[in-house]
Structure formats: C-alpha cells, structure tokens
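A closer look at the structure
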Amino acid sequence: MTGRAHTHEREQDFSDVDCDALVAELARLVPKANLLHEQEDLMPYECDGLAAYRQVPLAVVLAENEAQIVAVLKTCNRLGVPVVARGAGTGLSGGALPHGHGVLLSMAKMKRILHLDPVARVAVVEPGVRNLAISEAAAPHGLYYAPDPSSQLACTIGGNIAENAGGVHCLKYGLTVHNVLRVRGVTIEGEVVEFGNHALDAPGYDLLALMIGSEGLLAVVTEVTVKLVPKPETARVIMASFGDITHAGDAVAALIAAGIIPAGLEMMDKPATAAVEPFVNAGYDLDAAAILLCESDGTPEEVEEEIGRMRAVLEKCGATGIRVSSDEAERLKFWAGRKAAFPAAGRISPDYYCMDGTIPRKKLGEILRGIADMEKEFGLRCINVFHAGDGNLHPLILYDANVPGEIERTEEFGAKILEMSVALGGTITGEHGVGYEKLRGMCVQFDSDELTAFHAVKAAFDAQGLLNPGKAVPSLHRCAEFGRMHVHHGELKFPDIERF
Amino acid sequence: MADLTEQFKERISVAGADRPLCIRGGGSKDFYGETPRGEILDTRGHAGITDYEPTELVITARCGTPLAEIEAALAAENQCLAFEPPHFAHGTNSATSFATVGGAVAAGLSGPRRAAVGALRDFVLGVTILSGVSRRLTFGGQVMKNVAGYDVSRLMAGSLGTLGLILEVSLKVLPRPVAEATLRFDLPQAKALEALNAWAGKPLPISGSCWHEDVLTLRLSGAEAAVAAAKQKLGGELLADASTFWNDLREQRHEFFAGTETLWRLSVPSVAPVLDLPGEQVIEWGGSQRWWRGDAAVAREAATKVGGHAVLFRGTDKSAGVFQPLPAPLLKIHQRLKAAFDPRGVFNPGRLYPNL
Ligand SMILES: Cc1cc2nc3c(=O)[nH]c(=O)nc-3n(C[C@H](O)[C@H](O)[C@H](O)COP(=O)(O)OP(=O)(O)OC[C@H]3O[C@@H](n4cnc5c(N)ncnc54)[C@H](O)[C@@H]3O)c2cc1C
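One structure accompanies this document, and this report is about it. (Residues numbered from 1 in each chain as written. Chains lettered and ligands numbered in written order. Predicted model: local features only at pLDDT ≥ 70, side-chain atom pairs only at ≥ 80, totals over all residues. Heavy atoms only, no water.)

**Concerning the interface of chain B and chain A**
In plain terms, the rule: In this analysis, two residues are considered to be in contact whenever any of their non-hydrogen atoms come within 4.5 Å of each other. What makes a salt bridge here is a side-chain nitrogen of Lys or Arg within 4 Å of a carboxyl oxygen of Asp or Glu, nothing more. Polar contacts here mean pairs of N or O atoms no more than 3.5 Å apart (in protein, one a potential hydrogen donor and the other a potential acceptor; neighbouring residues in sequence count only if both atoms are side-chain atoms). Working definition: helices are DSSP H or I runs of at least four residues, strands are E runs of at least two. Numbering for both runs from the N terminus.
The interface is formed by 73 residues belonging to chain B together with 85 residues belonging to chain A. Counting every contact that joins chain B to chain A gives nine salt bridges. Residues Glu191 of chain A and Lys332 of chain B are paired through a salt bridge, measuring 3.0 Å at the closest nitrogen-oxygen approach. For the pair chain B and chain A, the interface holds 26 residue pairs in polar contact (both at pLDDT 80 or more). Among the elements that take part in the side of chain B that touches chain A, helix α11 (residues 328–341) of chain B stands out by supplying eleven residues, more than any other.

In structure tokens:
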C-alpha cells in the first residue's frame with residue numbers, strides 16, 4: 001500500500017523531546033557512521049512494508065552489538081524518548097513505523113550467525129539475520145528453520161519474533177513460537193534478559209511465548225536460538241482445480257477430517273491466479289474458480305501413500321483437475337506463483353492493501369461471499385490468497401492512491417473484512433501483527449478489560465511506555481474515538497481504571 | 001454441564017491476601033509446585049466440552065472437564081491431545097480424584113511425545129480467565145493463527161493458577177497417528193544420548209524415547225510407510241503391545257517412579273552429556289528430560305552446569321524450592337505480571353515461587 005504521508009495524533013505526547021540534546025547523547029554511544037540524523041539519511045526509514053503510513057524519526061541508530069543497544073536504551077529511558085526497533089522493514093502493519101519524536105533502532109548491522117550446532121539442531125543468531133539465511137546455513141547438515149514467510153529472503157528473525165511470523169508450511173511445522181527456544185533481549189531500562197534456554201522449557205512464566213508476537217513493545221531482541229529440523233527426504237505438491245470456490249473450501253475441511261495434515265495447504269481464487277500467472281508462469285489452471293496447493297512431505301514411501309489419500313479426498317470434493325508435481329523443479333514452480341502473489345498484485349494495480357484476518361476453516365465460503373459483496377459496495381477489486389489450512393486469509397484490495405477517495409474506501413473495505421473475521425469467530429490478524437494499522441480492529445476484538453490487561457502486561461516490561469508506543473494495543477480513549485468501544489457490564493465509557 | 005462463573009466471581013470477591021484461594025480441580029497435581037495454601041475453590045462443577053469440531057482441529061472445554069472425557073471425545077473422532085498430558089490421578093478414588101483440563105493447562109506438563117510435537121503450551125489457542133478482581137477476560141481464540149494482542153493464553157500454561165482462574169480453554173488437537181511401533185536397544189547412557197541426537201537430525205518419525213538401565217525404548221508414529229521404513233533403518237528389537245509401556249511412563253507408573261526419595265526433573269539441552277549423578281536415571285524427550293532421585297544441591301548443580309534447570313517434582317521436603325530461582329530482572333517481571341492479573345494476591349499464593 002503506497003500513498004500518503006500519514007501521521008495520526010499519537011496516544012502519548014512526546015513533543016518535548018529535545019532533538020539536539022538526544023543526538024548529542026547518542027553520538028557518545030555509537031560510532032559516527034552508525035548514527036543518522038540528517039533528513040535525507042532518515043528518509044529510507046520513514047515506513048515499513050505498509051507505505052501508507054510514514055513518519056521520519058529524530059534519529060536512526062544502526063546498532064552493531066548488544067552493548068550499544070543497552071547504552072541507547074538506557075539513555076532513551078532516562079530522557080523519556082520513544083524507541084522503535086526495525087529489522088528489514090518488510091512488516092505489513094506499520095509495526096516498524098518510526099516515532100516522530102523518537103529513535104529508530106535498526107538491526108541491519110547485527111546479522112551474524114553466531115553458532116550453528118547440527119547435533120543439537122540449534123542456531124544462535126543475531127536479530128538482523130535474514131530468515132532464509134538460517135536455512136541456507138543449515139542446509140549442508142540436512143536441516144532447516146521451518147517457518148517460511150513469503151518474505152523470507154528479506155525479513156529478519158527479530159521481525160519474525162515480533163510478529164510470530166508464519167509461512168506456507170506452518171500448518172504442519174508451526175509458527176515462530178513453535179520453533180524458537182530462546183530469546184535474549186534488552187528491556188527499556190537497559191537490563192539484559194533471557195527468555196527460554198537450550199532445554200525444552202524454562203522455570204517460571206512462559207515469557208518466551210509472551211515475547212513472541214509482542215511487536216517490539218516489550219524488549220529489544222538481541223539474540224535468538226532457533227530450532228533446526230531435518231529436511232524431509234522428499235516433497236510433492238498437488239495442484240487441484242475447483243469450479244466453485246465453496247467446493248475448494250469444503251475440500252480443505254475434508255482433508256483434515258480424513259486425518260491428513262498437509263505440509264502446506266494454500267488457496268488462490270481466480271483473480272489471484274490470473275494476476276500471478278503472466279508474471280511467474282506457474283502453470284496454474286486459469287479456468288478454475290479456485291485452486292488448492294496441497295503438499296505432502298516425508299519419505300518417498302510416505303509421500304506416495306499420502307498423495308494417494310489426498311487425491312482421493314480432493315476428487316470426492318469435486319476437484320475438476322488434479323496435477324501432481326513430477327519433480328522438484330515443478331514443485332517449486334507451483335509454489336513460486338503462490339509466493340509471488342503480493343508482488344503480482346503490485347504489478348496489476350498501482351497499489352494494493354493486504355489484509356490478514358483468520359477465521360475458522362468452515363467459514364471460508366461465508367467470508368468469501370462477504371468479500372465479493374464488499375467489492376461491489378466499495379467499488380474496488382479484491383484478489384484472494386489464503387493459508388487455507390490455517391484459515392488465514394490474505395485478501396489483497398486493489399486501489400489507486402492517486403484517485404481521490406480510493407484510499408479511504410480501501411481502509412473501510414479492509415476494516416469491514418476484519419470485523420467480519422471477528423464476527424465469524426476469528427481474529428483481525430493471523431501473522432502480520434496489529435502494528436499501527438489495526439488498532440481500530442483491536443477495539444472490535446477486545447473489550448476494555450482485556451485491553452487494560454494488555455496495557456498492564458506492557459507496563460510489566462516497560463512502565464514508561466517508551467518501546468514502540470502507540471502500536472499493537474490501542475488506548476481506551478482511542479477506542480472510544482473509533483466509536484467501537486465495547487461497554488461492558490454497564491460500565492462507563494471511560495473508566496479510569498489503573499487495574500482491571 | 002454447568003456454568004459456575006458467577007459463583008466463582010463471588011468467591012473471588014470475598015477472598016483477600018489474608019484469605020487466599022487455592023484453585024483445585026481433581027487434586028491430581030496437589031503434589032506439584034510449592035505446597036498449596038488457601039481455601040479450596042473447586043473447579044470440577046464448571047465442566048463440559050463447549051465446542052468441538054474435528055475438522056477445525058480445536059476443542060474448547062470448561063476448566064473442570066475431566067481430561068479423560070476430552071480424550072475420549074477426541075478418540076471417537078480419531079484425534080488426540082498430541083502432547084500426551086499426564087493425568088497423575090492413579091491410586092485414589094477415580095470418582096473424585098481425576099485430572100481436569102484446567103489443572104492440566106495450569107500445570108503445563110507434557111508427556112512422552114513432547115520432544116516430537118511440542119509441549120502443552122504449543123497447543124493452547126485461547127483461554128478465558130477470571131482475574132484477581134473478577135474480570136472475565138478472553139485471550140487468543142479458536143483459530144490456529146492469532147497475533148492480536150499479547151499471547152496471554154500461553155502465559156497461563158504452567159503458571160500454576162497464580163495469574164488467574166482459567167474458566168475455559170481451547171486446545172489444538174491432531175489426528176491420531178495411523179501406525180505405531182516400539183523398538184528396544186541395549187545401549188549404555190552415553191551411546192543412547194549420542195544415538196538419540198543423531199536420529200533427531202534425520203527425518204525419522206520418532207515420537208517418544210525412554211532410556212533406563214542401559215535399555216533405550218523408542219517409539220515411532222506416523223504413516224504406515226514411514227514407520228515401516230524407519231523400523232528397517234533403525235533395527236533394534238520390536239516390543240509388542242507397547243502402549244502400556246508408554247502410558248506407564250507418562251503416568252509415572254514405571255518402576256523407577258515407585259521410590260519415595262525426592263524426585264527431580266532435570267530439563268537440559270538434549271546434547272548435554274551424561275550427568276554426574278549417582279544412581280538410576282530415566283531419560284526422556286531425546287535426552288532433554290532426565291529424572292533422578294536425590295539431593296537438591298546435586299540436582300540443581302548438575303542441571304545448571306549444562307544450561308538447564310531442575311524441578312523438585314515430587315518430595316516432602318521442599319525447602320530447596322520447587323523451581324529454580326529466577327534472575328533478578330526476570331523475577332521483577334514475574335512480580336509485576338502477578339500484580340497486573342491478581343493485584344490482591346488471592347490466587348494460589350506461593351504455589352510457583354514463595355513470594356509470588
Ligand atoms: C511480500 C511480502 C510477503 C510476506 N509474507 C509473509 C508471510 O508469508 N508470513 C508472515 O508471517 N509475514 C509475511 N510478511 C510480513 C513480514 O515479512 C513479517 O511480518 C516479518 O516477520 C517482518 O520482519 P522484518 O525483519 O521485516 O521486521 P520489521 O518490518 O522491520 O519489523 C516488524 C516488527 O518487528 C519489530 N522488531 C524488528 N526487529 C526487532 C528486534 N530486534 N527486537 C524487537 N522488535 C523488533 C519492529 O519494531 C516491528 O514492530 C510478508 C511481507 C511482504 C512484504
């Protein structure tokens with residue numbers, strides 16, 4: 001989504017931060033080359049993957065090690081300056097959107113794989129290491145890091161931790177939270193903390209789980225231990241065509257009912273295949289209303305057996321065509337189309353806006369019909385790709401930011417999809433995070449008591465609220481402004497409660 | 001099937017730091033954690049599976065629902081709780097002493113399949129709790145992927161009821177494996193650890209391991225073809241009718257667990273070498289979980305030296321502390337979280353750590 005400079009009023013007021021004093025202090029902590037504060041140097045950091053929201057920070061620090069991060073955080077804590085951590089900036093919810101009165105702390109220079117132990121099957125890495133770089137380093141040992149977001153070439157493990165990133169294989173292999181053993185980080189007070197360890201559990205509360213998906217609000221991640229898993233001997237993917245998108249949805253449920261957990265189970269609708277095909281020549285069936293990509297992995301015998309069972313289920317559910325990848329090249333080609341869906345949307349439309357709601361699988365047909373109605377209501381096209389196995393939707397709304405009014409209609413459209421996701425028993429975000437973008441959706445999904453609980457969790461780590469302020473959890477005031485406040489148990493609209 | 005939320009709220013409102021509550025299901029895990037204190041709040045009346053749709057791979061149940069009831073409902077659909085939570089309800093009257101799902105989540109314990117599929121916390125999708133000031137709060141949900149808000153549901157797993165009263169929980173479930181086989185190998189400890197770590201780096205369908213007295217027992221689970229191929233590759237001796245063995249291990253009915261001396265659970269990296277501990281050990285989870293009976297200082301030192309921690313799992317003398325003490329910055333975060341969810345200190349005081 002590209003478009004306009006966007007700086008909503010933030011929830012806490014940090015306008016009294018003294019930029020010159022801050023820069024002078026930071027200059028004492030890091031080498032000159034690692035501190036940016038001239039306007040033109042700051043511009044490349046003004047947004048993440050969601051370019052609709054832009055904000056230039058006061059300064060950017062390119063940290064080289066944990067000691068520098070400790071020093072920067074201690075200073076910012078003392079001066080009351082907001083800090084936003086940034087990995088590769090591929091986030092799609094404005095999570096790494098800088099704060100106009102704060103420091104942007106980039107992990108771009110912390111990209112070393114510190115240790116890779118093929119026997120223990122772990123890798124210890126710095127936060128700026130790219131997701132794919134871990135699997136590449138592990139490959140000679142027949143191992144890999146399982147979560148594979150489509151952005152894996154670029155996105156960092158620190159960003160993956162912050163968003164609990166998933167990928168097309170997480171139905172079987174889990175999300176980031178299932179594949180990370182230990183996170184080392186620094187709190188805003190400059191204290192070094194370790195969550196988890198190299199055993200399978202740690203004493204006390206599961207703070208590791210709390211850290212994962214916390215969108216950079218609790219601590220800055222400085223080191224991560226990930227689990228490496230053996231590469232399956234072989235994998236094959238079925239491409240199944242359906243004449244009706246509801247049949248494709250039913251097939252997803254039927255596969256699971258048959259006791260099959262595919263290694264990947266993805267759906268694309270007709271407009272989506274039409275968008276990617278000219279771009280990647282994946283060989284998709286362009287006549288189908290929807291296609292399913294259904295992967296099996298394991299030993300050759302196992303894959304053969306499972307592909308047979310999958311094929312039977314898909315045929316019974318009315319698949320109009322079935323192709324099984326005959327070799328690795330063809331398998332990768334089938335996946336290439338799916339993984340290129342976002343860039344393809346960018347090719348056929350000046351702008352696109354990616355949503356990330358998750359719903360119970362059985363509601364797939366219902367929400368698709370809902371989205372089709374909304375296309376008419378808002379006069380905008382939408383192409384649909386899904387992590388179908390997980391019920392995680394990525395509707396891509398196509399728009400043109402240069403057409404007056406389209407961006408507002410797009411936002412309304414997106415918000416309505418998310419509200420419908422919640423109404424169907426799902427959530428506003430499966431893997432991209434709330435960030436800056438979905439604050440309004442949070443007011444729909446959670447009531448004031450729950451939001452207050454989230455703020456209390458935040459305060460347990462960051463009492464002053466300096467790490468990534470104004471993201472992930474809206475203030476009760478903000479929700480009231482949105483007019484979506486859930487009034488609970490007949491309480492007042494603005495309960496001034498410290499605790500819940 | 002009853003909904004006791006309102007009664008629970010009343011109990012919480014009249015409780016206080018001087019009159020705390022001891023949240024209790026079937027009491028099967030009374031032995032676990034620091035000694036329970038407070039007036040008993042019995043969760044067993046708040047029971048029943050509230051939602052289960054096999055094709056969604058999710059089951060939702062009230063806290064007092066017997067774990068056995070959940071497992072039976074899943075088995076009827078050929079599904080299971082893959083992390084094999086121990087019940088520990090043996091030896092007492094099964095009509096009154098049974099494991100509840102709320103207790104299982106609060107204890108956070110997992111069984112033999114943990115190293116292969118993940119722990120209980122990995123399967124928690126959502127919870128509804130009552131906070132220490134009787135607020136009903138829902139986190140997570142019934143869907144597989146959800147990053148809206150902090151992951152408070154997983155935080156409840158293993159928190160021993162110190163943060164809130166779990167009213168309802170949604171757990172991810174999995175299909176039962178199509179095929180299973182159990183193999184036996186005569187191996188001394190060092191060789192067994194070496195083999196387990198080497199196998200774990202290969203795409204093999206290993207779903208459980210147990211080393212005791214120079215015998216390594218290994219379970220395979222998966223597709224027929226995968227189990228057959230792995231059997232061939234690994235060799236060993238086939239153990240017929242092995243489900244009793246794995247159930248006994250999960251429920252600690254295995255002979256090793258019969259003693260009375262303090263039982264320690266050492267949670268260590270799987271590659272940790274043979275630990276310098278006198279006497280018998282049972283080793284599970286591919287080397288990551290080691291059971292031992294003996295002295296606190298020895299257990300803690302052995303686990304810490306290799307980067308792990310030791311839990312006083314069963315014992316009468318808990319003066320050494322059940323759980324390994326936390327570093328100061330982490331303890332501070334724990335205290336603040338406790339104060340956030342239970343500001344009046346009414347839930348299970350001291351059950352996890354003496355001052356929490
Ligand atoms: C084409 C495309 C495809 C994508 N496909 C997927 C997909 O399949 N699955 C998926 O899950 N996501 C996907 N994403 C979204 C995005 O790539 C992920 O959210 C990713 O995890 C972000 O990583 P990043 O390094 O770019 O983080 P950034 O965008 O830089 O930051 C994201 C958040 O992480 C925080 N953060 C970053 N580093 C740290 C740190 N060291 N400590 C604390 N907080 C930190 C930031 O403050 C911010 O809140 C896609 C994005 C694009 C553009």
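**Some thoughts on the site of the ligand**
Residues and elements named next belong to chain A. Spelled out, the test is: Near is defined per residue: the residue qualifies when any heavy atom it owns lies within 4 Å of the molecule or strand. To be clear on the numbers: accessible area is Shrake-Rupley with a 1.4 Å probe, and residue cover counts the displayed protein chains and nothing else. In this count, Pro and Cys sit with the nonpolar residues alongside Ala, Val, Leu, Ile, Met, Phe, Trp and Tyr, while Asp, Glu, Lys and Arg are called charged and the others, Gly among them, polar.
Inspection of the region around the ligand gives 33 residues, with Ala85, Gly87, Thr90, Ser151 and Thr156 positioned closest. Within the contact set of the ligand, an oxygen atom lies 2.9 Å away from a backbone nitrogen or oxygen of Ala88. Starting from 980 Å² of accessible surface for the ligand in isolation, the protein chains cover 94%. Broken down by secondary-structure element, the contributors of at least two residues to the shell around the ligand are β3 (83–86), α5 (157–163) and β10 (220–227). Considering each element in turn, the shell around the ligand owes the most residues, five residues, to α5. Of the residues contributing to the shell around the ligand, the split by class is 14 nonpolar, 15 polar and four charged.

**Section: the sheet that holds strand β13 (residues 237–238) of chain B**
Residue and element names in this part refer to chain B. Threshold: At least two DSSP bridges between two strands are required for those strands to pair. Here an axis means a line fitted to C-alpha atoms, over the contact stretch when the element is a helix, while the angle between two N-to-C directions is reported on a 0 to 180 degree scale.
If you walk across this open sheet you meet the eight strands as β13-β10-β12-β11-β15-β16-β14-β17, and the pairing is antiparallel. Every interior strand has two partners, whereas the edge strands, β13 and β17 (309–314), have only one. Bridge analysis of strand β14 (residues 263–267) against β17 gives five bridges, and the strand direction is antiparallel. Counted as the bridge partner of Ser267 is His309 from β17. Those strands touched by helix α7 (residues 189–200) are β10 (179–186), β11 (206–212), β12 (215–222), β15 (281–284) and β16 (289–293), and its axis lies near 15° from that of β12. Against the sheet, helix α9 (residues 243–250) contacts β10, β11, β12 and β15, and its axis sits at roughly 70° relative to β11.

**Topic: unusual backbone geometry**
Stated formally: Each residue is assigned to one of three classes by its accessible area relative to the maximum for its type, calculated with a 1.4 Å probe on protein chains only: buried under 20%, partly exposed between the two thresholds, exposed over 50%.
The residue Asn468 of chain A is not glycine, and still its phi comes out positive at about 45°. By secondary structure assignment, the location of Asn468 of chain A is in the loop between α17 (448–461) and α18 (476–482). A residue is classified by how much of its surface remains accessible, and Asn468 of chain A, at 2% relative accessible area, is buried. Even without being glycine, Asp241 of chain B reaches a positive phi, approximately 50°. For Asp241 of chain B, the location among the structural elements is in the loop between β13 and α9.

**Topic: the nonpolar core**
Our working definition: Throughout, nonpolar core names a set of buried Ala, Val, Leu, Ile, Met, Phe, Trp, Tyr and Cys residues whose side chains join them through atoms within 4.5 Å.
Within the largest apolar cluster, 177 residues are counted, with the highest numbers of intra-cluster contacts made by Phe195, Leu207 and Leu314 of chain A together with Leu266, Leu337 and Phe341 of chain B. Leaving out residues up to four positions away in the same chain, Leu207 of chain A has contacts with Phe195 and Phe461 of chain A together with Leu155, Leu330, Ile333, His334 and Leu337 of chain B. The next biggest cluster of nonpolar side chains, apart from the first, holds 27 residues, and it includes Leu35, Ala59, Leu73 and Val81 of chain A.

**Details of a negative patch on the surface**
Put simply, the rule is: Two joining distances apply to patches: 9 Å for like charges and 5 Å for nonpolar side chains (Val, Leu, Ile, Met, Phe, Trp, Tyr), and every residue must have over 30% relative accessible area and no salt bridge. We score Asp and Glu as negative and Lys and Arg as positive, and we do not count His or the chain ends. All charge positions are set by atom: Lys at NZ, Arg at CZ, Asp at CG, Glu at CD.
Taken together, the side chains of Asp186, Glu213, Asp214, Glu237, Glu255 and Glu280 of chain B present a region of like negative charge at the surface. Mapped onto the secondary structure, Glu255 of chain B falls in the loop between α9 and β14.

**Quick look at the state of the cysteines**
What counts here: A pair of cysteine sulfur atoms is labelled a disulfide when the two atoms are within 2.5 Å.
Following the criterion strictly, the structure yields one disulfide over all chains and no others. In this model, Cys443 of chain A is linked to Cys479 of chain A through a disulfide, with the two sulfur atoms separated by 2.1 Å. Residues Cys443 of chain A and Cys479 of chain A share a disulfide whose torsion about the S-S bond is about -80°; that sign makes it left-handed. Here Cys479 of chain A lies in helix α18 and Cys443 of chain A lies in helix α16 (residues 439–445), a separation of 36 residues in the sequence. For Cys479 of chain A, a relative accessible area of 0% translates into the label buried. Here Cys382 of chain A stays free of any disulfide, with the sulfur of Cys354 of chain A as its closest cysteine sulfur at 9.6 Å. The thiol sulfur of Cys80 of chain B is not disulfide-bonded, and the nearest other cysteine sulfur, from Cys170 of chain A, lies at 20 Å.

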